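Here is what each chain is made of, one letter per residue.
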Amino acid sequence: MASVDKTALRRRLLAARRRVPGRVRAAEARMLCAALEPLVSAGTVCAYVPVGAEPGSIAMVDMLARRSGRVLLPVARTGADGSAMPLRWGEYRPGALTAGLWGLLEPVEPWLPASALAEAGLVIVPALAVDRRGVRLGRGAGFYDRSLPGRDPRARLIAVVRDVELVDELPTEPHDVAMTDALTPQRGVIGLAAGAGE
């Protein structure tokens, strides 16, 4: 599938997400939260606040905070040339989010450096799709591509997708960091090939 145009694939996946009725998205968000909860223990978790038609909810972030005690959320910034920089991180505090780039919800300052990602044993990652090998398709800006190499190599990397977005194969590039698991509403947490050796 290496010849598949990633831009066209992203467009198709985003359009399909926008067609999902709000009640279905809400039900799926509850299922995602319930499936993820048993995996969370005390410690640092990196997560994100879903926006638009992304799977998940702020309730999932609240659950992570209750169970783990510390949730770090990404802060996206670009360089002077407009290119993605590695994500910085901020501690999640309910009710203390602000609008960032592209309408993303981010924690308020103070922010931690990109290296804070290495403190997390569990990293919840947004994705448009993920394949059974652990290859993740993001939105294409490159923030996670620049950030995930700095993770703790033992951390679980969980891509959150709808059930139809877990696919057999996606195009891959040398810089891709493989996900260890996928989280889907109907099937819950699914181990991927990248996490099989752990």
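Scroll up to find the structure.
Everything quoted here is computed from the prediction, not taken from an experiment. Here the residue index of a chain counts from 1 through its sequence in written order. Restriction of local features to residues with pLDDT of at least 70 applies here, the model being predicted, together with a cutoff of 80 or more for giving and counting side-chain atom pairs; totals for whole chains, interfaces and linings are based on all residues. Note that the side-chain values use all heavy atoms of the structure and ignore hydrogens as well as water.

### Remarks on the pattern of salt bridges
Opposite charge on two side chains lets them pair, provided their charged atoms get close. Rules: Criterion for a salt bridge: a side-chain nitrogen of Lys or Arg within 4 Å of a carboxyl oxygen of Asp or Glu. Secondary structure elements are taken from DSSP: a helix is a run of H or I of four residues or more, a strand is a run of E of two residues or more, and numbering for both begins at the N terminus.
Summed over all chains, the structure comprises 12 salt bridges. Of the charged contacts, one joins Glu 119 and Arg 70 as a salt bridge, the two residues approaching to 2.5 Å between their closest N and O atoms. With a gap of 49 residues between them, Glu 119 in the loop between β5 (105-107) and β6 (120-126) and Arg 70 in strand β2 (residues 69-75) connect regions that are remote in the sequence. The shortest N-O distance in the salt bridge between Asp 181 and Arg 156 comes to 2.9 Å.

### Overview of the sheet that holds strand β9 (residues 156-160)
To be explicit about the condition: Strands qualify as paired when DSSP identifies two bridges or more between them. Note on method: axes are straight lines fitted to C-alpha atoms, helices fitted across the in-contact stretch only, with angles between N-to-C directions ranging 0 to 180 degrees. Contacts: residue pairs with any heavy atoms within 4.5 Å of one another.
On the basis of which strands lie adjacent, the open sheet formed by 7 strands has the order β3-β2-β1-β6-β9-β11-β12 and mixed pairing. The two strands at the open ends of the sheet, each matched to only one other strand, are β3 (88-91) and β12 (188-191). For this sheet, the mean inter-axis angle between neighbouring strands, taken without regard to orientation, is 25 degrees. Pairing analysis gives 5 bridges linking β6 to β9, with the strands arranged parallel. The residue bridging Val 125 from the neighbouring strand is Ala 159, located in β9. On top of the sheet, helix α3 (residues 58-68) reaches β1 (43-46), β2, β6, β9 and β11 (181-184); it is set at about 140 degrees to β2, its chief contact.

### Quick notes on helix α1 (residues 6-18)
Heads up, the rule is: Given a helix with a known number of residues, its expected span is that number minus one, times 1.5 Å. Throughout this description, buried means an accessible area under 20% of the type-specific maximum (1.4 Å probe, protein chains only), exposed means over 50%, and partly exposed covers the range between. As used in this structure description, the phrase polar contact means that two N or O atoms lie within 3.5 Å; if the pair is within protein, one of them must be able to donate a hydrogen and the other to accept it, and residues adjacent in sequence are counted only when both atoms belong to side chains.
In this model, α1 (13 residues) spans 18 Å end to end at C-alpha, consistent with the 18 Å of a helix rising 1.5 Å per residue. Looking at α1, one finds that the buried residues are Lys 6, Ala 8, Leu 9, Arg 10, Leu 13 and Arg 17. Among the structural elements, α2 (22-36), β7 (129-131), β8 (136-137) and β9 are those in contact with the buried residues of α1. Sitting at the head of α1, Asp 5 places a side-chain oxygen 2.9 Å from the backbone nitrogen of Thr 7.

### Regarding the environment of Lys 6
For Lys 6, the position within the fold is in helix α1. For Lys 6, a relative accessible area of 16% corresponds to the buried category. Along the primary structure Lys 6 and Asp 81 are separated by 75 residues, whereas in three dimensions their C-alpha atoms are 23 Å apart. Contacts of Lys 6, omitting those with residues within four sequence positions, involve Leu 137, Pro 171 and Glu 173. Side chain to side chain, Lys 6 and Glu 173 meet in a polar contact 2.6 Å long.

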